[in-house]
There are 2 protein chains.
Amino acid sequence: MTKADPAGNLHEAGRASQVTAEIIVVGNELLNGTTLDTNSHWMSQELTTLGVIVNKKTTIRDELEVISAAFVECLNRKPEWIFSIGGLGPTYDDMTIQGLSIALGQKLYLDRRAVEMLKKSYEVRRKMFNTPLRRMPKSSLKMAMIPEGSTPLPNSVGSAAGVLAKSGTTTIVCFPGVPSEMKAIFSEQAAPILKEGASRFIHAEEWLEAIGISESRLSIPVSRIAKKYSPLLYIKSHPMGFENGKSIIHIQLILSARADERESSIGILEKASSEMFEAARKLGAKVRKMKSVR
Amino acid sequence: MTKADPAGNLHEAGRASQVTAEIIVVGNELLNGTTLDTNSHWMSQELTTLGVIVNKKTTIRDELEVISAAFVECLNRKPEWIFSIGGLGPTYDDMTIQGLSIALGQKLYLDRRAVEMLKKSYEVRRKMFNTPLRRMPKSSLKMAMIPEGSTPLPNSVGSAAGVLAKSGTTTIVCFPGVPSEMKAIFSEQAAPILKEGASRFIHAEEWLEAIGISESRLSIPVSRIAKKYSPLLYIKSHPMGFENGKSIIHIQLILSARADERESSIGILEKASSEMFEAARKLGAKVRKMKSVR
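1. With respect to the side chain of Ser237(B)
Position of Ser237(B) relative to the elements: it lies in strand 10 (residues 233-243). Only 2.8 Å separates the side chain of Ser237(B) from the side chain of Glu215(B), close enough to count as a polar contact.

Shown next, in the form of structure tokens:
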């Protein structure tokens, strides 16, 4: 790609240096169909809004060697962030932190800050529900064992603290699997740090609807326009089925660019969207603009 | 584990030789939060019911090298089945089959059977919707390019055929990402083959509800009983939040065993469930039996 190519130039400055992340989801219940994984979907939406690219998601069973191997493989790919979800609770099959400690080669120790967080959370719930005073069970202390060099992250709505660790250029954050707790720790602890790095980037979308054209026919202009503006823009067609015998396709144009080139990048997104609109219309489709996401 | 341990013996004969699978999900839309992945959840439920253990799920972007690497890594772990979902359509970013052909070292070729399937699907939809006759677009033929040695699987509700391939002891089946098409190909083409192998195994569950006890306290008997019956049984506690200040925990006991030892295995599951019931009750919880899954 030459310097004269505006999309290419923007890419080199923009998307190529965009913040990257991987997600590791831990739990047999997600692999045997007991639980639908809405956690990582929510997190993906939040990360995308923050301008972070999620490159991969790995869902694994509650097995110690499997968990540590997943962290090691993920670290070898050197994303800027690794987020794990699940396996932080007090039960025997909650092994994420132990797996992380093996992957990092850092021993587990009882962290005083984490113990204080646990005690505080116990106290809050005791008061909130006005239950008779009872000592925190010793088995809770498992949740305060974290790898040396890592930091516990307060959980404002439950017991299991998050864990933040560093390895080379990668920051790892482990979240509990209870959705409200994962969301609270993400929004209160991780998002503020992510915002600093990610504010250099913007994410924007244009959506079109084309009626009366097959995805196969539409694939020709989609491919041509996507290539023309790649990798600043990414274009995806979503077949939505049929209505009165006519195929309905939603076309999503996604921009990832540097924030300081916001205006020119948005201009390119809108230009590509117009070109896509015209191309689909010429092929005989009824086209309409659905929405803009900024 | 000694021969005298009935759970261990059953395991060696049962779960250890249970049919294993991995799922590869392909699509940027699943990593950027556009689409919630209900496909792999549905498939996990079906596989579990069929007695197949899903060991891992990998969700990746629409990038050729990433897709082929995911297949290679997955093949190296030698599961009996690999199921991929997504990336079989006609557009430029549908690259699953190309990625598979690289992973298998088998060239893509235009498969006559797949072309016939495409034509038939085109004809069916043309008649169904009574649209003016129009030739199948050439770009559709991309969907009939499959790796040498593989087999196209009919798609009764859409265009993109499934693809079945073999590598060593692993059978690979690629499904389109449109939910109705993935489900049709799974139920009509894959499930009958899976049933043959999986009928040797059974899956059963017992669910208890414990009210008024923290997950931490409960973790002690959960851990003890799980160890006692491991790996024939697997026990998972699901914290469900609070009601009137009382913690609610659902306890799931999962059995995976050989079908020809069905009676004795179910007996062990029920015994473990009773022990769990008693242990939670002794710790002060209000316990009830929720449901049995057979």
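Continuing now.
2. Description of the pairing of strand 9 (residues 201-211) of chain A
Residues and elements named next belong to chain A. When you tally the buried positions in strand 9, you get 10 out of 11 residues, the bulk of the element. Examined bridge by bridge, strand 9 and strand 11 (residues 246-258) share 11 bridges and lie antiparallel to one another. Across the sheet, the residue bridging to His203 is Ser256, located in strand 11. As paired strands, strand 9 and strand 12 (residues 286-293) are joined by 7 bridges and run antiparallel to one another. Across the sheet, residue Trp207 finds its bridge partner in strand 12, namely Lys291.

3. Topic: the sheet that holds strand 12 (residues 286-293) of chain B
Residue and element names in this part refer to chain B. Strand order in the open sheet formed by 4 strands is 10-11-9-12, and the pairing between neighbours is antiparallel. Two strands in the sheet have a free side with no partner beyond their single neighbour: strand 10 and strand 12. Strand-to-strand, the axes of this sheet are offset by a mean angle of 20°, without reference to chain direction. With 9 bridges connecting them, strand 10 and strand 11 (residues 246-258) associate as antiparallel partners. By the bridge assignment for strand 11, Ile235 is matched with Leu253. Packed onto the sheet, helix 9 (residues 262-282) meets strand 9 (201-211), strand 10, strand 11 and strand 12 and runs at close to 10° relative to strand 9.

4. What about the sheet that holds strand 11 of chain A?
Residues and elements named next belong to chain A. In spatial order, the strands read 10-11-9-12; together these 4 strands make up an open sheet with antiparallel pairing. Every other strand in the sheet has two partners, leaving strand 10 (233-243) and strand 12 as the edge strands with one partner each. Across the sheet, the mean angle from the axis of one strand to that of its neighbour is 20°, orientation sign disregarded. The strands touched by helix 9 (residues 262-282) within the sheet are strand 9, strand 10, strand 11 and strand 12, with strand 9 carrying the most contacts at an inclination of about 10°.

5. Looking at helix 3 (residues 39-49) of chain B
Residues that lie three or four places apart on an α-helix share one face, since the helix turns once every 3.6 residues. Most of helix 3 of chain B sits out of view: 8 of its 11 residues are buried. Looking one or two residues past helix 3 of chain B, Gly51(B) carries a phi angle of roughly 85°, positive in sign.

6. Regarding the environment of Gln98(B)
All names here are of chain B. As for its placement among the helices and strands, Gln98 is situated in helix 5 (residues 96-104). Taking the relative accessible area as the measure of exposure, Gln98 reaches 35% and is therefore partly exposed. Put simply, Gln98 and Ala210 are 112 residues apart on the chain and 51 Å apart in space, counted from C-alpha to C-alpha. When sequence neighbours within four positions are dropped, the list of residues in contact with Gln98 reads Leu64 and Leu108.

7. A short note on the packing of aromatic side chains
Within this structure, the stated rule accounts for 10 aromatic pairs over all chains. Consider the rings of Phe83(A) and Phe175(A), whose centres lie 6.1 Å apart with planes at 40°: the pair is tilted. Pair noted here: Phe83(A) is in strand 3 (residues 81-85) and Phe175(A) is in strand 8 (residues 170-175), with a separation of 92 residues, a long-range link. Exposure class is identical for Phe83(A) and Phe175(A). Each is buried. Relative to Phe186(B), the ring of Trp42(B) has its centre 5.5 Å away and its plane inclined at 80°; by these criteria the two rings are edge-to-face. Of this pair, Trp42(B) sits in helix 3 while Phe186(B) is found in helix 7 (residues 179-198), placing the two residues 144 residues apart along the sequence. Every member of this aromatic cluster is reached through a ring pair, and the members are Trp42(A), Trp81(A), Phe83(A), Phe175(A) and Phe186(A). A cation over a ring is seen here: Lys291(B) above Trp207(B), with NZ or CZ 4.8 Å from the ring centre.

8. Focus: the confidence of the model for chain A
Any region with low pLDDT has predicted coordinates that should not be read closely. Residues and elements named next belong to chain A. Mean pLDDT for chain A: 87, with 91% of residues reaching 70 or above. The least confident element of chain A, judged by mean pLDDT, is helix 1 (residues 6-13) at 34; the most confident is strand 3 at 98. The model gives residues 1-16 a pLDDT under 50, and that stretch makes 28 contacts with residues more than four places away or in other chains. In the predicted assembly, ipTM is 0.77 and pTM is 0.78.

9. Section: unusual backbone geometry
Leaving glycine aside, a negative phi is the common case for residues, and trans is the common case for peptide bonds. Residues and elements named next belong to chain A. One non-glycine residue, Lys78, lies in the positive phi region at around 50°. For Lys78, a relative accessible area of 60% translates into the label exposed. A positive phi angle, near 50°, is found at Asn244, a position not held by glycine. Following the sequence through the fold, Asn244 ends up in the loop between strand 10 and strand 11. The exposed category is assigned to Asn244, whose relative accessible area is 76%.

10. Observations concerning a nonpolar patch on the surface
Residue and element names in this part refer to chain A. A cluster of nonpolar side chains, Leu108, Leu110 and Met145, forms an exposed patch at the surface whose accessible area comes to about 220 Å². Within the secondary structure, Met145 sits in strand 5 (residues 145-147). Taking relative accessible area as the criterion, Met145 reaches 31% and is therefore assigned partly exposed.

Procedures and definitions
Residues numbered from 1 in each chain as written. Chains lettered and ligands numbered in written order. Predicted model: local features only at pLDDT ≥ 70, side-chain atom pairs only at ≥ 80, totals over all residues. Heavy atoms only, no water. Helix = DSSP H or I, 4+ residues; strand = E, 2+ residues; numbered from the N terminus. Polar contact = N/O pair within 3.5 Å; in protein donor to acceptor, adjacent residues only side chain to side chain. Buried < 20%, exposed > 50% of the residue type's maximum accessible area, 1.4 Å probe, protein only. Pairing = 2+ DSSP bridges. Axes fitted to C-alpha atoms, helices over the stretch in contact; angles between N-to-C directions. Contact = heavy atoms within 4.5 Å. Phe/Tyr/Trp six-rings, centres within 6.5 Å; stacked < 30°, edge-to-face > 60°. Lys NZ or Arg CZ within 6 Å of the ring centre and 35° of its normal. pLDDT = per-residue confidence, 0-100. Patch = residues over 30% accessible without salt bridge, like charges linked within 9 Å, V, L, I, M, F, W, Y side chains within 5 Å. Areas by Shrake-Rupley, 256 points an atom, 1.4 Å probe, with all protein chains shown as cover. Salt bridge = Lys/Arg side-chain N within 4 Å of Asp/Glu carboxyl O.

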